[in-house]
Amino acid sequence: MFIYLCKKIAIPGNVRLRCISWNKEEGFIACGGEDGLLKVLRLETQTGSVQVVTWNEQYHKLTTSDQNGLIIVWIIYKGAWYEEMINNRNKSVVRSMSWNADGQKICIVYEDGAVIVGSVDGNRIWGKDLKGTHLCHVAWSSDSKVLLFGMANGEIHIYDSNGNFIVKMKLSCLVNLTGTFRIAGIHWYHGTEGYVEPDCPCLAVCYENGRCQIMRDENDHNPVLIDTGMNVVCIQWNHCGSVLALAGSLKGTSPDKDINVVQFYTPFGEHLRTLKVPGKQISALSWEGGGLKIALAVDSYIYFANIRPDYKWGYCSNTVVYAYTRPDRPEYCVVFWDTKNNEKYVKYVKSLISITTYGDFCVLATKADEDQPQYVLVLCNSIGTPLDPKYIDIGPLFVTMTRTHVIAASKEAFYIWQYRVAKKLTAMEINQVARTRKEGRERIYHIDDTPSGSGDGHLDYSKAVEGTRDPICAITASDKILLVGRESGTIHRYSLPNVGIIQKYTLNCRAHQLSLNCNSSRVAIIDLSGVLTFFDLDARVTSSTGQQVIGEQLKLERKDVWDMKWAKDNPDLFAVMEKTRMYVFRNLDPEEPIQTSGYICNFEDLEIKSVLLDEILKNPERPNKDYIINFEIRSLRDSRALIEAVGIEESSQFIEDNPHPRLWRLLAEAALQKLDLQTAEQAFVRCKDYQGIKFVKRLGNLQSESMQQAEVAAYFSRFEEAERMYLDMDRRDLAIGLRIKLGDWFRVLQLLKTGSGDSDDALLEQAHNAIGDYFADRQKWLNAVQYYVQGRNQERLAECYYMLEDYQGLENLANSLPENNKLLPDIAHMFVRVGMCEQAVSAFLKCNRPKDAVDTCVHLNQWNKAVELAKNHNMKEIGSLLARYATHLLEKNKILDAIELYRKANYFFEAAKLMFKIADEEAKKRTKPLRVKKLYVLSALLMEQCHEQMQNAQRGKVKGSETASALAGLLEEDVLSSTNRFADNAWRGAEAYHFFILAQRQLYKGSVDAALKTALHLRDYEDIIPAVEIYSLLAVCACANRAFDTCSKAFVKLESLETLSQEQRQQYEDLALEIFTRHCPKNNKKTDLDDVLESGDGKLPVCVATGDPILEYRFWMCSVCKHCMKAKERSNYNFCPLCHCSA
């Protein structure tokens, strides 16, 4: 940064000032002094000496206090200041006042220890009397939860927002000092504009003896410590917390002569600048809201100093790159603003150190990690795309770049990286670079080394940690040489690209900024105090000792310089920024200055491009083209004026005497305007403009002067004028051709509609399509559709319909296309992407791609359609696809999904197999018999469908007799039965659990006889239901029915089961003993049914409703499961009790 005094205001009556405060929002400056002076514009009131003034920017209020303790809150109304509130405690003097971050609360501290916290509307929130203390300072934390009170004895106490004491602050800056020291200031930056780095120090505490500590928070035990070496009276952060200003005085050479100074530091304790201020005693300072000015109260004067910040910025390829902080993000926001197209690209970069640019590229230097001392140099293009990052182990305090190299330097060493970008590399080289680091591409040198240029300087970072007595302070480079400045004033000159030391020069100053001219013959040096000097690197002069030395200090010296730029095409031309003026020098002679505060981007072709960064960073998210300013230097202005005044011939002699390509181009353009083709051609030759020469040749071949004038108008971008000339000559074709070259298709369309011709139809179609492309590029799909329809561009039309989600339009388009059109597959894929199976299949079939249609059905789970298509087109892959997908589902344990898949694809046997598997697994859990029954019923139903499918298939195959067809179907079913146990009788599982549930229902209902009959059937299902459960249920039913012989047989079976443990078997034996000692195991009832059952002549059908055998000849049979029910029970059911199908 650079700072200089720019203005001085005297206070009437020579009243000594005590305090000053600058309103950050409105720009008002309030200053208080002796004899009741309070000045805000024209406001002067209060009786005692005004000692404290503070602004509340959020509510546009000013709070002041004088030596008598009178506090006044001021508001502005219609341009005048009025007293809003007055408070006078009449006991003690106010030492400090502070508003919190949101302007809602004010804390006032009195010298006698009284503390008052009030609200913005004047209400007292709380008050406290800190006995035995003398207060002098107060500060709020950014979240308003903590208050710091500075004591007269130098201690700082930490309180919460309700006035409760927490702890004393640890004061590391006063270690090794004895006695008490007065606090000069406490200022806590609230982060309103973001922080320069995550976890950045923001709380500054400074003592009058010059000791200062900057802390991250009130409990920071590792603060940044500074010894300013001055007597400090006031401190304040700038608007964004990047610079801390400390005002005070230094001891002069004579005892009574102190020098007023303001010192500026970063939050990390790095000294930036020192500003000397005239006057006897400085009493206060305050920053302007944007951080570009600072106000100083000195005696009875207000001094203003302008500040030129060291912005993080650069300029490459018509792009301004700048960085700023935001309160809502911890990173820097880096904006790549293309000034030509007014487009911007934003990147967020953590811990950004600097931005360096050259040509089309820029390098962002950042810290890699907060914990590790590693840094990154990121090479980017002009839209912020990272091309190549390099990790380095030295802090890049100084960075410069050339067309081929990036050089970064710490205080002890410098690192050189020969960068390459993709457009200059073949694919093979890119891969090679990616795999290995090419030898010599990266090198590091210690500043005390003397490299010879023979390939030493490998990447050995151990050199970088070695100290030096003479650190690096500035660097610059060109394609040929590298200059490194040291704090002693020595400059080292190295050759590039082979780094070898060539020369050492000695300067009379310490360089802060170095800059080489375009042929590397001279270097410009700006020192810490803003003095610009020049050094000729190649001049040979004789020293005072008579020896010949290389290098000469030039006579020119300029003060208050904060920026300079050499011309890219003239080694003797450069521009300098002094305060708010720009000077252009030719051969060290200045031209008249230009009033501007812009930062110089580029100096080329006798034009200077400057950017008003101060204005841009007031609203960095919306940069304005008005903030880019182009200045022409005097020779260009004079040549233009001469051409206008005296004509081309006389001007050509002047340009001959003062040659420059830009001047010759100016002459060529003037000659073209007057159709002086000979002079224009000669001038284009002198400025080596081949396109200009070809244009003049083409003009010479045109016979008509009006045609030449039209071409010249087009050459100078006066397209409207050129078009009008073409139309006046009745050359509509040339006007259309001009607009086509410009890409102005809207105007082409207008011109085409004004006439008629055979070739116009093709052009109309082209114009409609081009306008459609214009709207499509801007995602205005609805507008694009209208023009693509007229241009008959079916391919782009399909894309627009897809983007608009107009699938009906897309379907209509597909239907209108002829068969095998190349667009049909693309449209089909669009339908696939949105899950529209039917339309996708239709499109695929229309372009004769049935396999893709089947794949689509599989992809969208439309298996029925897939099978149907595969059959219709005689495809054999469907079976393998089904199997693959089912396997995939089973791997993910989605068995039900696999069953549904097989069922939809009519693979009923596989579906039944899986369903039986689920039913068996569920049966093993022994939890819910009804659920198990349902699962067995579902699997049996699938098997029924399988049988039906096989019989239908055989009927289709065998065209002979029905007997033969039925026989073939039965034979196939027999094959199935032999391979799978469930295929033989699919209903066995369902029957088992049906009777199991039915028996228990009958038992609980009290129908013990029916329950016993039903339970007896379960003996046939030991393979499905565990025997222990079957015979336990049978024993219970028999016992309840007093059929003790059946009960005895059940107990015999239970006691003989091998699956029972010894303990369980013993329990059954004990229970049997208990029952049969009371009841004889003999059945007293014997029915006709028993005789029939025992005869074994044949198995009788069983009623699924009651469990009874059916003896009648008339009964009901289910059409699905083929199970029977007594005729008399039929009226009680609307469905089959077993399979639940409609009766």
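Residues numbered from 1 in each chain as written. Predicted model: local features only at pLDDT ≥ 70, side-chain atom pairs only at ≥ 80, totals over all residues. Heavy atoms only, no water.

Identification of the protein as WD repeat-containing protein 35 from Meleagris gallopavo is taken from an unreviewed UniProt entry. As recorded by UniProt, the Function (unreviewed entry) comment attached to the protein reads in full: "As a component of the IFT complex A (IFT-A), a complex required for retrograde ciliary transport and entry into cilia of G protein-coupled receptors (GPCRs), it is involved in ciliogenesis and ciliary protein trafficking. May promote CASP3 activation and TNF-stimulated apoptosis." Here is the UniProt Subunit (unreviewed entry) comment for the protein, exactly as written: "Component of the IFT complex A (IFT-A) complex. IFT-A complex is divided into a core subcomplex composed of IFT122:IFT140:WDR19 which is associated with TULP3 and a peripheral subcomplex composed of IFT43:WDR35:TTC21B. Interacts directy with IFT122, ITF43 and TTC21B. Interacts with IFT43. Interacts with CFAP61." (UniProt positions renumbered as here; feature names shortened; annotations may be inferred.)

### Things to note about the overall build of the protein
Scanning the protein from terminus to terminus reveals 32 helices and 57 strands. In terms of overall dimensions, the protein has a C-alpha envelope of 145 × 105 × 70 Å along the principal axes. In the protein, which comprises 1143 residues, the share counted as buried stands at 50%. When the accessible surface of the protein is split by element, carbon and sulfur atoms take 47% of a total near 57000 Å². Averaging the positions of the 137 positive and the 146 negative side-chain charges in the protein gives two centres separated by 1 Å. (Helix = DSSP H or I, 4+ residues; strand = E, 2+ residues; numbered from the N terminus. Buried < 20%, exposed > 50% of the residue type's maximum accessible area, 1.4 Å probe, protein only. Areas by Shrake-Rupley, 256 points an atom, 1.4 Å probe, with all protein chains shown as cover. Lys, Arg positive; Asp, Glu negative; His and termini not counted. Charge placed at Lys NZ, Arg CZ, Asp CG, Glu CD.)

### A few points about the domain arrangement of the protein
According to the domain assignment, the protein contains domain 1 (2–308) and domain 2 (395–632). Using only C-alpha atoms to locate each centre, domain 1 and domain 2 end up separated by 40 Å. Opposite the 7 residues of domain 1 that make contact, domain 2 presents 13 residues. Carbon and sulfur atoms make up 56% of the surface buried where domain 1 meets domain 2, a total of about 800 Å² over both sides. For the pair domain 1 and domain 2, the number of links is 1 salt bridge. Linking Arg308 and Asp614 is a salt bridge whose minimum nitrogen-to-oxygen distance equals 2.7 Å. If you list the elements that add at least two residues to the side of domain 1 that touches domain 2, you get β1 (2–10) and β27 (301–308). (Domains from an automatic or database assignment. Contact = heavy atoms within 4.5 Å. Buried area = accessible area lost by both parts, 1.4 Å probe. Salt bridge = Lys/Arg side-chain N within 4 Å of Asp/Glu carboxyl O.)

### So, the nonpolar core
With 77 residues, the main nonpolar core has Tyr936 and Phe1051 as its most contacted residues. In terms of residues, this core owes the most to one element, helix α22 (residues 908–925), which gives 10 residues. Apart from residues no more than four positions distant in its own chain, Tyr936 is found in contact with Phe916, Ala919, Asp920, Ala923, Gly989, Ala990, Tyr993 and Ile1024. Counting residues in each nonpolar core, the second largest holds 55 residues, with Leu797, Phe831, Val858 and Ala870 among its members. (Core = buried A, V, L, I, M, F, W, Y, C linked by side-chain atoms within 4.5 Å.)

### Here we look at the sheet that holds strand β17 (residues 183–188)
Across a sheet, strands are paired by hydrogen bonds formed along the backbone, either parallel or antiparallel in direction. The strand order across the open sheet formed by 4 strands is β17-β18-β19-β20, and the pairing between neighbours is antiparallel. At either end of the open sheet lies a strand with only one pairing partner, and these are β17 and β20 (224–227). Recorded for the sheet is a direction-independent mean angle of 10 degrees between the axes of neighbouring strands. As paired strands, β17 and strand β18 (residues 203–207) are joined by 5 bridges and run antiparallel to one another. Paired with His187 across the two strands is Ala204, which belongs to β18. (Pairing = 2+ DSSP bridges. Axes fitted to C-alpha atoms, helices over the stretch in contact; angles between N-to-C directions.)

### Notes on the pairing of strand β6 (residues 61–66)
Of all 6 residues in β6, 6 are buried; the element is thus mostly enclosed. Neither face of β6 is left uncovered, since the one carrying Lys61, Thr63 and Ser65 and the one carrying Leu62, Thr64 and Asp66 both have all their residues buried. Where strand β5 (residues 50–56) and β6 come together, 6 bridges link them in antiparallel fashion. Each bridged residue has a counterpart across the sheet, and for Val50 the counterpart in β6 is Asp66.

### Some words on the sheet that holds strand β36 (residues 398–401)
Pairing is antiparallel in the open sheet, where 4 strands are placed in the order β36-β37-β38-β39. Sheet topology places β36 and β39 (442–446) at the edges, where each strand pairs with a single neighbour. With direction set aside, neighbouring strand axes in the sheet form an average angle of 15 degrees. Of the pairings in the sheet, the one linking strand β37 (residues 405–409) to strand β38 (residues 413–418) comprises 5 bridges and is antiparallel in character. Among the inter-strand pairings, Ala408 is bridged to a residue of β38, identified as Tyr415.

### Topic: the environment of Asp569
In this structure, Asp569 sits in the loop between β48 (561–566) and β49 (573–578). Given the relative accessible area of 34%, Asp569 is considered partly exposed. Spatially, the C-alpha atoms of Asp569 and Gly33 are 56 Å apart, while their sequence positions differ by 536 residues. Asp569 has contacts with Cys518, Glu604, Asp605 and His660, leaving out every residue within four places of it along the chain. Among the polar contacts listed, one links the side chain of Asp569 to the backbone nitrogen of Asp605, at a separation of 2.9 Å. (Polar contact = N/O pair within 3.5 Å; in protein donor to acceptor, adjacent residues only side chain to side chain.)

### Description of the pattern of salt bridges
In the structure shown here, the tally under the stated rule is 47 salt bridges. A salt bridge links Arg698 to Glu711; its shortest N-O distance comes to 3.3 Å. Taken together, the residues span a long stretch of sequence, with Arg698 in helix α7 (residues 690–700) and Glu711 in helix α8 (residues 705–715) at a distance of 13 residues. Using a relative accessible area of 42% as the deciding quantity, one classes Arg698 as partly exposed. Residue classification places Glu711 among the buried residues on the basis of a relative accessible area of 14%. Each member of the salt-bridge network shares a partner with another, and the members are Glu720, Glu723, Arg739, Asp744 and Arg747.

### Describing helix α13 (residues 781–791)
Within the span of α13, buried status applies to Trp781, Ala784, Val785, Tyr787, Tyr788 and Gly791. Against α11 (745–753), α12 (760–777) and α14 (794–804) lie the buried residues of α13. Positive backbone phi, approximately 55 degrees, marks Arg792, located one or two places after α13.

### Notes on the UniProt feature "domain: IFT80/172/WDR35 TPR" (unreviewed entry) in the protein
The UniProt entry lists residues 663–753 under the feature "domain: IFT80/172/WDR35 TPR" (unreviewed entry), expressed in the numbering used here. End C-alpha atoms of residues 663–753 are separated by 44 Å, and the span's content is 80% helix alongside 0% strand.

### Comments concerning the confidence of the model for the protein
The pLDDT averaged across the protein works out to 85; a share of 92% of its residues lies at or above 70. Of the regions scoring below 50 in pLDDT, residues 432–437 engages in 4 contacts with residues more than four places distant in sequence or in other chains. Confidence drops under pLDDT 50 across residues 1091–1098; counting only partners more than four residues distant or on other chains, this segment forms 4 contacts. (pLDDT = per-residue confidence, 0-100.)

### Let's talk about the packing of helix α16 (residues 824–833) against helix α17 (residues 837–846)
Relative orientation of the contacting elements α16 and α17 amounts to 165 degrees, with a least axis distance of 8 Å. One finds that α16 runs roughly antiparallel with respect to α17. For the crossing formed where α16 meets α17, the hand is left-handed. Between α16 and α17, the contacting residues are Leu824, Pro825, Ala828, His829, Phe831 and Val832 on the first element and Gln839, Ala840, Ala843, Phe844 and Lys846 on the second. Partitioning the contact of α16 with α17 into residue classes produces 8 nonpolar, 2 polar and 1 charged. (Parallel < 35°, antiparallel > 145°, perpendicular 65-115°, else oblique. Left-handed = near helix turned anticlockwise from the far one by under 90°. Nonpolar A, V, L, I, M, F, W, Y, C, P; charged D, E, K, R; others polar.)

### Considerations on the state of the cysteines
With the rule as written, the count across this model stands at 0 disulfides. A disulfide-free cysteine, Cys837 has its sulfur positioned 3.8 Å from the sulfur of Cys857, the nearest such atom. Look at Cys837 and you get buried, because its relative accessible area is 11%. Unpaired in this structure, Cys1103 has its nearest cysteine sulfur neighbour in Cys1124, at a distance of 8.7 Å. (Disulfide = S-S within 2.5 Å.)

### Describing the packing of aromatic side chains
Aromatic rings considered in pairs are described by the distance between their centres and by the relative angle of their planes. Under the counting rule described, the total for this entry stands at 34 aromatic pairs. On the basis of an interplanar angle of 25 degrees and a centroid distance of 6.0 Å, the ring pair of Tyr936 and Tyr993 is categorised as stacked. Of this pair, Tyr936 sits in helix α23 (residues 929–957) while Tyr993 sits in helix α26 (residues 988–1005), placing them 57 residues apart in sequence. Exposure class is identical for Tyr936 and Tyr993. Each is buried. What links up through ring pairs into an aromatic cluster is the set Phe534, Trp566, Phe574, Tyr583 and Phe585. Its end group placed over the ring of Tyr583, Arg558 keeps NZ or CZ at 4.7 Å from the ring centre. (Phe/Tyr/Trp six-rings, centres within 6.5 Å; stacked < 30°, edge-to-face > 60°. Lys NZ or Arg CZ within 6 Å of the ring centre and 35° of its normal.)

### Observations concerning the packing of helix α29 (residues 1044–1055) against helix α30 (residues 1062–1076)
In contact at an axis separation of 10 Å, α29 and α30 are set at 160 degrees when each is read in the N-to-C sense. The pairing of α29 with α30 is recorded here as roughly antiparallel in orientation. Viewed along their axes, α29 and α30 form a crossing whose handedness is left-handed. Listed contacts from α30 to Phe1044, Cys1047, Ser1048, Phe1051, Leu1054 and Glu1055 of α29 are Arg1065, Tyr1068, Glu1069, Leu1071, Ala1072, Ile1075 and Phe1076. The residue makeup of the contact of α29 with α30, split by class, is 9 nonpolar, 1 polar and 3 charged.

### Points about the side chain of Thr64
Tracing the chain through its elements places Thr64 in strand β6. With a relative accessible area of 0%, Thr64 lands in the buried category.

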